[in-house]
Amino acid sequence: VALKRMLNFNVPPVKNSTGEPVWKVLIYDRFGQDIISPLLSVKELRDMGITLHLLLHSDRDPIPDVPAIYFVMPTEENIDRMCQDLRNQLYESYYLNFISAISRSKLEDIANAAIGANAVTQVAKVFDQYLNFITLEDDMFVLCNQNKELVSYRAINRPDITDTEMETIMDTIVDSLFCFFVTLGAIPIIRCSRGTAAEMVAVKLDKKLRENLRDARNSLFTGDTLGAGQFSFQRPLLVLVDRNIDLATPLHHTWTYQALVHDVLDFHLNRVNLEESAGTESTPAGARPKKKNKKSYDLSASDKFWQKHKGSPFPEVAESVQQELESYRAQEDEVKRLKSIMGIEGEDEGAISMLSDNTAKLTSAVSSLPELLEKKRLIDLHTNVATAVLEHIKSRKLDVYFEYEEKIMSKSTLDKSLLDMISDPDAGTPEDKMRLFLIYYISSAQAPSEIDLEQYKKALMDAGCNLTPLNYIKQWKAFTKMASAPTSYGNATPKPLGLFSRVMNTGSQFVMEGVKNLVLKQQNLPVTRILDNLMEMKSNPETDDYRYFDPKMLRGSDSSVPRNKNPFQEAIVFVVGGGNYIEYQNLIDYIKGKQGKHVLYGCSELFNATQFMKQV
């Protein structure tokens, strides 16, 4: 909503306005691009009158009769470039929108340039948009994508970090969270664990919100803020947790669609990149192997299949794709019939739209065709993505890993020794084995004896694993042991439903033989459990000493005692140090069972196990 308002020159778009939109140019930097691209497609931008969208630091030609909307971070180099645009008189008028608040001195730089270029009248509006965060789903956001190594897990947990560096990281995180609440138009009640990076974020955020509220003239939380109608009268709860409370989940192999895509494919800002295999025909000797085609797909909110199944267990997804395909095939004959009526044999969609609808028959044909073609596009997309995921599951035996890790995490009896799993050459990559061992190591109440550990290490090395992460986890475990006992992960193991015999009839696209059909039981991960305690006001040793901040109170108090004893309706969980889709999915599943309650999940960065292990 905030972006659309900005693209409409900062006035809310009118619903029923007829006629053409005002044509305009959008100029953004990489930060702005990352914020807009998961939310608005090129088509949607065009519908809003954006004819061109260009990066600020690219070579741009002057278009003197068009207004330009800028959406950039207020950095030194961006400002210099904007001043240069003013001097070169590139556009008719300038609407400057800063992603994060701009400082007084930088504003003066722009003003001076505008005076120098005699362009003061052309700078129509200057806005701080407070949009310095990236929304990936209606209920999920991450802080940034550019320079994300600045706020990464490793950056926060480096042993040699200086106080000033830590301050900078915390300020960056707080700036984004502040933007998030300005956009929501709500002031949260903050809870966080003590003695962690999350606590530092809480203290700073509380201070920043408080200062803004005190400054009555410029407060961002009064009047017609965007989010006013979005939330009930009750204020939301913000739970700040530190990644270090649970290092097993980010390493866990997973079984739901979205989390699997993120784990095994290249999935980033809602776009998945696939390498297509270059056909099976053999290449003649000496010839260069065919180059693999790269294809990228957007998995967005408008994709109904994705919205419905992103949280489903993989076998269910395969089954649904198959069903969609069969229902489409039934309609495909209809498409052929329609096309022959209309005398279009090829796939040329342009011709379809150009036909004048002179008969009722044609009218109905024309209206149902685009819908069918869109359906076909989604089926093809998910067939490709699901097939790619399936290849990984089969070649790496991910179903076996998932089941085994769930057993470890829920402390049930294991049917096969860990050593056998590690030394089985057919199961998984060295990285899969390392993840499994780390989860075992993190989840075990008693660390394995030195002799056992040596034996495991040898097996891991023989399997080709990189042992660096183990050293870090060892230190972390020793340190955390002093702080608290290991968190338990509930005690529900997945139930195998026998192999995929039923689903996978012969005509199926997915050859699933040998893959276990596991069904998930809902069990709350540590982050979800913490939220449950704080949202429902349950007393629990795990969360009883969490600090309590209320930026609306006149004096900040260092208490753990919540003033408000009622359960919350809305909550935001934010993980300092990085999050993942497993946790997000777990929260969503948890909240489904609570009538009328909402949870948003946010994290400083989003990583999968591979990326996480590189940071450890």
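Please refer to the structure placed before this passage.
Everything numeric here is computed off the predicted structure, so don't read it as measured data. (Residues numbered from 1 in each chain as written. Predicted model: local features only at pLDDT ≥ 70, side-chain atom pairs only at ≥ 80, totals over all residues. Heavy atoms only, no water.)

Draft legend 1. The arrangement of the pattern of salt bridges in detail. Per the counting criterion, the structure on display carries 29 salt bridges. In this structure, the salt-bridge partner of Glu374 is Arg377, at a minimum N-O distance of 3.1 Å. Of the two residues, Glu374 and Arg377 are both situated in helix α13 (residues 360-396); the distance of three residues between them amounts to about one turn of the helix. Look at Arg377 and you get partly exposed, because its relative accessible area is 44%. (Salt bridge = Lys/Arg side-chain N within 4 Å of Asp/Glu carboxyl O. Helix = DSSP H or I, 4+ residues; strand = E, 2+ residues; numbered from the N terminus. Buried < 20%, exposed > 50% of the residue type's maximum accessible area, 1.4 Å probe, protein only.)

Draft legend 2. Spatial organisation of the packing of aromatic side chains. This model, assessed by the stated rule, comprises 24 aromatic pairs. For the pair Phe9 and Tyr95, a centre-to-centre distance of 4.5 Å together with 40° between the ring planes defines the contact as tilted. Of the two residues, Phe9 sits in the loop between α1 (2-7) and β1 (24-28) while Tyr95 sits in strand β4 (residues 91-98), which places them 86 residues apart along the sequence. Accessibility classification places Phe9 together with Tyr95 in one group, the buried group. On the numbers, 5.1 Å between centres and 50° between planes, the contact of Phe437 with Tyr456 is tilted. Separated by 19 residues along the polypeptide, Phe437 in helix α16 (residues 430-443) and Tyr456 in helix α17 (residues 450-462) bring together distant segments of the chain. Taken as a pair, Phe437 and Tyr456 share a single burial class, namely buried. By way of ring pairs, the aromatic residues Tyr257, Phe267, Trp306, Phe314, Tyr581, Tyr584 and Tyr601 are connected into one cluster. Its end group placed over the ring of Tyr441, Lys477 keeps NZ or CZ at 5.7 Å from the ring centre. (Phe/Tyr/Trp six-rings, centres within 6.5 Å; stacked < 30°, edge-to-face > 60°. Lys NZ or Arg CZ within 6 Å of the ring centre and 35° of its normal.)

Draft legend 3. Unusual backbone geometry, seen in detail. One non-glycine residue, Gln89, lies in the positive phi region at around 50°. Position of Gln89 relative to the elements: it lies in the loop between α4 (76-87) and β4. The class of Gln89 is partly exposed, set by a relative accessible area of 45%. Even without glycine at this site, Lys397 takes up a positive phi of about 50°. A residue is classified by how much of its surface remains accessible, and Lys397, at 30% relative accessible area, is partly exposed.

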